[in-house]
Amino acid sequence: MPKNEKIKSILIIGSGPIIIGQACEFDYSGSQALRSLREDGIETILINSNPATIMTDPSMADHVYLLPLNTKSIVKILKEHPQIDAVLPTMGGQTALNLCIEADEKGIWTDFDVDIIGVNIDAINITEDREQFRNLMTEIGVGMAPQETATSFLRGKEIAQEFGFPLCIRASFTLGGAGASIVYDEKEFDEALSRGLEISPIHEVMIDKAMMGWKEYELELLRDSNDNVVIICTIENMDPMGIHTGDSITVAPAMTLSDRTFQKMRDMAIHMMRSIGDFAGGCNVQFAVSPDDEEEIIAIEINPRVSRSSALASKATGYPIAKIAAKLAMGYHLDELENQITKTTSALFEPTLDYVIVKIPRWNFDKFEGSDRTLGLQMKAVGEVMGIGRSFQEALHKATQSLEIKRNGLGADGKGYTNYDQIIDKLTHASWDRVFVIYDAIQLGIPLKRIHEITKIDMWFLKQYEELYQLEKEISNFTIDSLSRDLLLEAKQKGYGDRQIAHMLGCLESEVYNKREELNIRRVYKLVDTCAAEFQAQTPYYYSTFENTMTSPEGETYVENDSPVTDKKKIIVLGSGPNRIGQGIEFDYCCVHGVLAASEAGYETIMINCNPETVSTDFDVADKLYFEPVFWEHIYDIIRHEKPEGVIVQLGGQTALKLAEKLDRYGIKIMGTSYKSLDLAEDRGSFSTLLKDNNIPYPKFGVAETADEALDLADELDFPLLVRPSYVLGGQGMKIVINKQDLEAHVVDLLRKIPNNKLLLDHYLDGAIEAEADAICDGENVYIIGIMEHIEPCGIHSGDSNATLPPFNLGEFVMQQIKDHTKKIALALNTVGLINIQFAIKDDKVYIIEANPRASRTVPFIAKAYGEPYVNYATKLMLGDKKLSDFKFNPQLEGYAIKQPVFSFNKFPNVNKQLGPEMKSTGESILFIESLKDDEFYELYSRRKMYLTK
C-alpha cells in the first residue's frame, strides 16, 4: 500500500532543550523525519523550543514554531493551521510522547480532528505503565524479573521485604532513568523509594529484583502497516545490567550471544512489538540474558518510538531508521521503499555488518563538583562517541581516541592508574573511566577471573583487552629501528595510535609515522554499506582501517581502498566531536550549515566527525562523510588522501580549533581567519596588547604560570579576581576568588589538572552588566549580526545566563561603544568569518572580557531569532566566495528573544546548584516576548542575583 493520500499536513513534536537523558539524537531523528515527509510533498509543521538545533532551522519544515512544549502552544498551532491532518510524536523522545498523551487526555486531537500516527496511545500507555506492561508480557509468555508496583511508601516497604536486596527502583513515566537506582540495604531503599514516588508524575514506582551481572542487549525494530518487521541492529552492552544503557559501553553487532539465543531474542522482540499495539514505525526493545550456559532471556522494556539507540543504530548500520519510520507512519510498506544506501534494493532487509562499532559515553563530572561519579540506573552522560573498525579492538581504540579527555587510546600513554586499591575500587563501583581502568588492571597483573568476578563483564571482552596488553608488552621490547613490519601493522590494525606506539618504543610520534610511510602501512578507507558489500553501495560514508597488501595476477601489490578521490576542489569541515557542557549541538548546527554553504559555492564537501547522535554525521549531509575521531593522526591521513583546498576549523567549537596549530605547522590551509589570529585571541598577553594599541578598555589582568606568580599579581590587581586557564571552553576551571588563600588553593589545583598552562588573572568587575556581540567579517568590513545583554550579572558564564536579543537596558552611548569595539577588534584580528566578543559594562564604560574569532554558542540562537542564515554567509566569506556587500541583511524580530539555559541538576542531587564562571547548563530554549512588561521577563529579571557563586 502506498502512502495514505488523506494525509497532506503533519505536525511534528520536537524534544525541546537538551538535558541529560534526551540529547541531540532526537534532533537527528526529527530532522530526518522532516526531510523524509517533505520528499513526499507533505506539509510539515514543527513545534520545538530549542534554538541550537538544525531541526528548528527554517529550511527544515514548512512552518517552524519556536514555542514552549505545552498544550497551550499545541492549541495555538492547530488554530492557525486547521489543515493539519495528523501528529507524529515519536521523533521527539519522551518529551514529545508525554505532550501527545496530555493533549489526548484533554481531547485536543479529537477537537481538531487530528490523527496520531507512528504509534498509538494504547501502546504508549502499555509500555510506560509498568504494571500493564508486566501483565501483557505474562500473557504472551515473555519472562520478566520479579517485579511489583508501589503507589505508597508502605506498599514499597512490603515489596522489599518480600523480594530481598539488592533491588531496582524505577519511577514510572520518566526519562533517562530519572529516579531509578539499585539499592543494597534498607536505608538506601527508603531514600530511593521516597525520591521515586516524588519524581514520577503519577507517583508510582516499580520495584524489581535486581538482575545484577546479567548481560544486556537492545534491538532496534521497524514495522509497517502490513505487519512486516525488520530488525535493524542488535546492540550488546559491554557493561552488564545495573548501568543505564546511556552510560554503558555498547557494541554492534552483538559479540557474545549464541546463535540459538539470538534467534530466540529476535522472535521475542517481534512478538512483543506486535502485541503492544497495531502501529507502523520504530521500536526499541531491551533484554537481559543470564551469564551462564542456559542463556535465559528476560524482557526489560520496550519503547514504541525512535530512541537514543536508534540514532546509534542508524549510524552503525547506515540504515536511516527515523527516515524510514516516518514513511511507514504515513502508510508506506517496507517493500515499497528503497534501501537508502544501495538505491537498488528495498528497505525490507536487515543490515549485515562487516565491521564492528563501539559506543562510549562522554561524561562531564568535572562540572558538578561533589557529584557521585559512580554509574548506575540513572543516566549521567552528556554525549557519546562511536568508533568503527574491522575488529572490536580497533573500534574500541578509535572510540577512546574520540573522547577528547587527553587520552591517546587504551594504555600506552603513561596516564593509567597504578595503585591496586584505587583500581579495584574503580572496578567495584563502576566508574566513568572503567573502559581505561580494565586495561590498567590487566597491566598491573590482576587476573582476568578477578576482573570478571568484580565487573561481571563477559570474559570475551576481557580477553580482547588482554590481547591488546600482550601486544603492547611485546612491542616495548623493540626500538623504532628493530620493530618488524608485521608487529607495527598488527598494532595499527588493533587501533593503537602512532602516539601510543611511540610511547611503547620511547621515540617520537613523527618517527612512527615516518616508519609506517617507509613500510607502506597506510590507512585505507572502507564503506559503511549496510549489506557487507553484497550489493553495490552508492553512499559516500567511510571509516578507516589497515590491511595487508595483496598481489594482483600481474604481480602488482595493492591495498583495497573504497574511497575514490575526485578531481573536484574540496573543503574539509572538522566536526565538534562528542557533546559536552560548553560545546553542544549548536556547533553541529554550524558544521551542517558550513557543509551546505561550501556545497552551494561549488566545492565537494567532506565532513570528519565521530558523534553518532548528530545531523552532521548523517550519510547524505556532506558529499563524503569520514566517521573518524577528530584526532590529529586520523585527520592528517584523510587530508593527505583527499588533498582539499583547505580545512574549516571555525565551526566545530574548541575541538576543531585546537587542531589549527597542527594544521598550520603542516602547511595545510585554514579557511577564513588564520591560525595566527586564532592564537592571538587565545593568548591573553598578545590580545591585551592589541586592545591597548586600539585604545579599547579591558579589566586589569596578569598572566601567571606558578602559584607564586599568581600571589604576587594579586597585590597589583586587587581582589576579587577571576582566575582561568588558557585554551579551554565552557569556562572550565574558571573561578572568582576573594582572598590569597582561595587563590593559592585554586591555582595549585588548576596546575595539577592542566600542567604547563598559562593562567589568566583578571580584576573582576563586581556588579557589572555583561553583554556579547556576534559578527561576521570579510577582512575589510564588519556586520554585527546580534548584540545580547545578559540578565544575570557579570561573573556567571554566558552559557548559563538568560540573555536578551536585542539588549533591554543599554543606553545609546554604551551600544555605540559595543559596536565600535566589535568592529575594531574584528578587523584588528584579520577576522574572515565569525567572531564573538564578550563585554562587561560598568559605569557606562565598556570593557572587553574576551574575543573568540569562531562560531559561538549564540550564533544559531541569533540566526533563529532574526530568521537569517548567518553561518551560510560566514562560510562563503571564509571560502572567499563572497564579500559582505553581496548579502542583503534583513533581520526580522518583533519584541525580544530570550535565550534560557536549561540544567540537568536533577541527575546530581548532592551538587551545589549555584552558578558561577564555569558553565553547567546542558541545553537552552528560546522564548519570544512582545515587551519587557511580559510576566516571564519580569520573573527572570527579579531572580537575576540569586545565582552568583565564586
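Please read all numbers here as calculations on a predicted model, not as lab measurements.

Engineer: I'm lost on the overall build of the chain in this one. Help?
Structural biologist: Within the chain one finds 31 helices and 35 strands. A compact globule built from 950 residues would reach a C-alpha radius of gyration of about 30 Å, and the chain, at 28 Å, matches this within 12%. The C-alpha extent of the chain, read off along each of the three principal axes, is 80 × 75 × 60 Å. Relative to its full complement of 950 residues, the chain shows a buried share of 65%. Looking at the chain alone, contacts between residues at least 24 apart form 70% of all its contacts between residues at least 6 apart. Carbon and sulfur atoms make up 47% of the accessible area of the chain, which amounts to about 34300 Å² in all. If you average the places of the 97 positive and of the 142 negative side-chain charges in the chain, the two averages end up 3 Å apart.

Engineer: For this particular structure, what's the right way to read the pattern of salt bridges?
Structural biologist: Opposite charge on two side chains makes pairing possible when the charged atoms of those side chains draw close. Scanning the model with the defined rule gives 53 salt bridges in all. Here R170 and D208 are joined by a salt bridge, their closest N and O atoms 3.0 Å apart. With R170 in strand β7 (residues 167–171) and D208 in strand β9 (residues 205–209), this pair connects stretches of sequence that are 38 residues apart. Notably, a salt bridge pairs E490 with K494, separated by 3.2 Å at the nearest N-O pair. Three or more residues are tied together by salt bridges with common partners; here these are K492, D498, R516, R523, E633 and D637.

Engineer: Got a minute to help me understand the nonpolar core in this structure?
Structural biologist: Generally speaking, a soluble globular protein has its nonpolar side chains buried in company with each other. The biggest cluster of nonpolar side chains holds 175 residues, and the ones touching the most others in it are I10, L88, Y319, L574 and V649. The residues contacting I10, other than those within four sequence positions of it, are L37, I42, E43, T44, I45, A86, L88, I117 and M330. Counting 53 residues, the second-largest nonpolar core is a separate cluster that includes I108, A123, Y217 and M268.

Engineer: What's the story with the sheet that holds strand β31 (residues 803–805) in this structure? I'm lost.
Structural biologist: Strand pairing within a sheet occurs via backbone hydrogen bonds; the two strands may be parallel or antiparallel. Spatially, the seven strands line up as an open sheet ordered β33-β32-β29-β30-β31-β34-β35, and their pairing is antiparallel. Lying at the two open borders of the sheet, with one neighbouring strand each, are β33 (845–852) and β35 (923–929). Strand-to-strand twist in this sheet, taken as the mean axis angle between neighbours without regard to direction, amounts to 25 degrees. Taken together, the seven bridges between strand β32 (residues 832–842) and β33 define a ladder with antiparallel strand orientation. Directly across from I841, in β33, lies its bridge partner V846.

Engineer: What's the story with the sheet that holds strand β6 (residues 147–150) in this structure? I'm lost.
Structural biologist: With respect to topology, four strands assemble into an open sheet ordered β6-β9-β7-β8, the strand pairing being antiparallel. Looking at which strands have only one partner, the edges of the open sheet turn out to be β6 and β8 (181–183). When strand polarity is set aside, the average angle formed by the axes of neighbouring strands in this sheet is 25 degrees. Where β6 meets β9, four bridges bridge the pair, whose relative direction is antiparallel. The residue bridging A150 from the neighbouring strand is V205, located in β9. Against the sheet, helix α6 (residues 130–140) touches β6, β7 and β9, its axis set at about 150 degrees to β6. Of the strands in this sheet, β6, β7, β8 and β9 are in contact with helix α8 (residues 186–199), which crosses β7 at around 20 degrees.

Engineer: What exactly am I supposed to notice about the state of the cysteines here?
Structural biologist: Note on terminology: disulfide describes a covalent bond linking the sulfur atoms of two cysteines. For the coordinates displayed, the defined rule picks out zero disulfides. The structure places no disulfide on C233, whose sulfur is separated from the nearest cysteine sulfur, that of C283, by 15 Å. The class for C233 is buried, based on a relative accessible area of 4%. Here C590 stays unpaired: no disulfide links it, and the sulfur of C591, its closest cysteine neighbor, is 7.0 Å away.

Engineer: How should unusual backbone geometry be read in this particular structure?
Structural biologist: Trans peptide bonds make up most of the peptide bonds, and negative phi angles are found at most residues other than glycine. With an omega of -5 degrees, the peptide bond running from F165 to P166 counts as cis. In this model, A252 is joined to P253 through a cis peptide bond whose omega is -5 degrees. Take P253: it is sitting in the loop between β12 (250–252) and α9 (259–276). For D227, which is not a glycine, the phi torsion comes out positive at approximately 70 degrees. Residue placement: D227 occurs in the loop between β10 (215–223) and β11 (229–237).

Engineer: Would you explain the packing of helix α7 (residues 153–163) against α8 in this entry?
Structural biologist: Each pair of packed helices can be described by the angle between their axes along with the distance between the axes. Remark: α7 packs on α8, axes separated minimally by 10 Å, with the N-to-C direction vectors making an angle of 140 degrees. With respect to α8, the element α7 is oriented oblique. Here α7 runs over α8; the crossing is right-handed. Within the contact between the two elements, α7 uses F153, G156, K157 and A160 and α8 uses E186, F189, D190, L193, S194 and L197.

Engineer: Looking at this structure, I do not really get the packing of aromatic side chains. What am I missing?
Structural biologist: Aromatic rings considered in pairs are described by the distance between their centres and by the relative angle of their planes. Summed over the entire model, instances satisfying the criterion amount to 27 aromatic pairs. Geometrically, the ring pair formed by F903 and F905 is stacked, given 5.3 Å between the ring centres and 5 degrees between the ring planes. On the basis of relative accessibility, which here comes to 25%, the residue F903 falls in the partly exposed class. When its relative accessible area of 10% is taken as the criterion, F905 is described as buried.

Engineer: Whenever I open this one, the environment of K426 confuses me. Can you help?
Structural biologist: Positionally, K426 belongs in helix α13 (residues 420–428). By relative accessible area, which is 15% here, K426 ends up buried. Distance from K426 to T455, taken between C-alpha atoms, is 9.8 Å for residues 29 residues apart in sequence. With residues near it in sequence (within four places) discarded, K426 still touches Y417, S431, D433, R434 and V437. One polar contact links K426 to D433, side chain to side chain, over a distance of 3.1 Å.

Engineer: Would you explain the packing of helix α24 (residues 675–682) against helix α25 (residues 684–693) in this entry?
Structural biologist: Interhelical geometry of α24 versus α25 gives an angle of 95 degrees and a closest axis separation of 5 Å. Classified by the angle between their axes, α24 and α25 sit roughly perpendicular to one another. On the side of α24, the interface is formed by L680, A681 and E682, while α25 contributes R684, S686, F687 and L690. Of the residues contributing to the contact of α24 with α25, the split by class is four nonpolar, one polar and two charged.

Engineer: Help me out: how do you make sense of the pairing of β7 in this one?
Structural biologist: Looking down a regular strand, the side chains alternate between one sheet face and the other. The buried fraction of β7 is high, at five of five residues. In β7, alternate side chains face the same way, and those of L167, I169 and A171 on one face and C168 and R170 on the other are all buried. As defined by bridge partners, β7 adjoins β8 across three bridges and the pair is classed as antiparallel. By the bridge assignment for β8, L167 is matched with V183.

Engineer: Mind showing me how you'd approach the side chain of S544 here?
Structural biologist: Considering the arrangement of structural elements, one finds S544 in strand β18 (residues 541–545). Here R523 takes part through its side chain, which lies 3.3 Å from a polar atom of the side chain of S544. Residue contacts for S544: discarding those within four places in its chain leaves I388, E394, K398, R523, V524, Y525, E628 and H634.

Basis of the calculations
Residues numbered from 1 in each chain as written. Predicted model: local features only at pLDDT ≥ 70, side-chain atom pairs only at ≥ 80, totals over all residues. Heavy atoms only, no water. Helix = DSSP H or I, 4+ residues; strand = E, 2+ residues; numbered from the N terminus. Rg over C-alpha atoms; globule rule 2.2 N^0.38 Å. Buried < 20%, exposed > 50% of the residue type's maximum accessible area, 1.4 Å probe, protein only. Contact = heavy atoms within 4.5 Å. Areas by Shrake-Rupley, 256 points an atom, 1.4 Å probe, with all protein chains shown as cover. Lys, Arg positive; Asp, Glu negative; His and termini not counted. Charge placed at Lys NZ, Arg CZ, Asp CG, Glu CD. Salt bridge = Lys/Arg side-chain N within 4 Å of Asp/Glu carboxyl O. Core = buried A, V, L, I, M, F, W, Y, C linked by side-chain atoms within 4.5 Å. Pairing = 2+ DSSP bridges. Axes fitted to C-alpha atoms, helices over the stretch in contact; angles between N-to-C directions. Disulfide = S-S within 2.5 Å. Parallel < 35°, antiparallel > 145°, perpendicular 65-115°, else oblique. Left-handed = near helix turned anticlockwise from the far one by under 90°. Phe/Tyr/Trp six-rings, centres within 6.5 Å; stacked < 30°, edge-to-face > 60°. Polar contact = N/O pair within 3.5 Å; in protein donor to acceptor, adjacent residues only side chain to side chain. Nonpolar A, V, L, I, M, F, W, Y, C, P; charged D, E, K, R; others polar.

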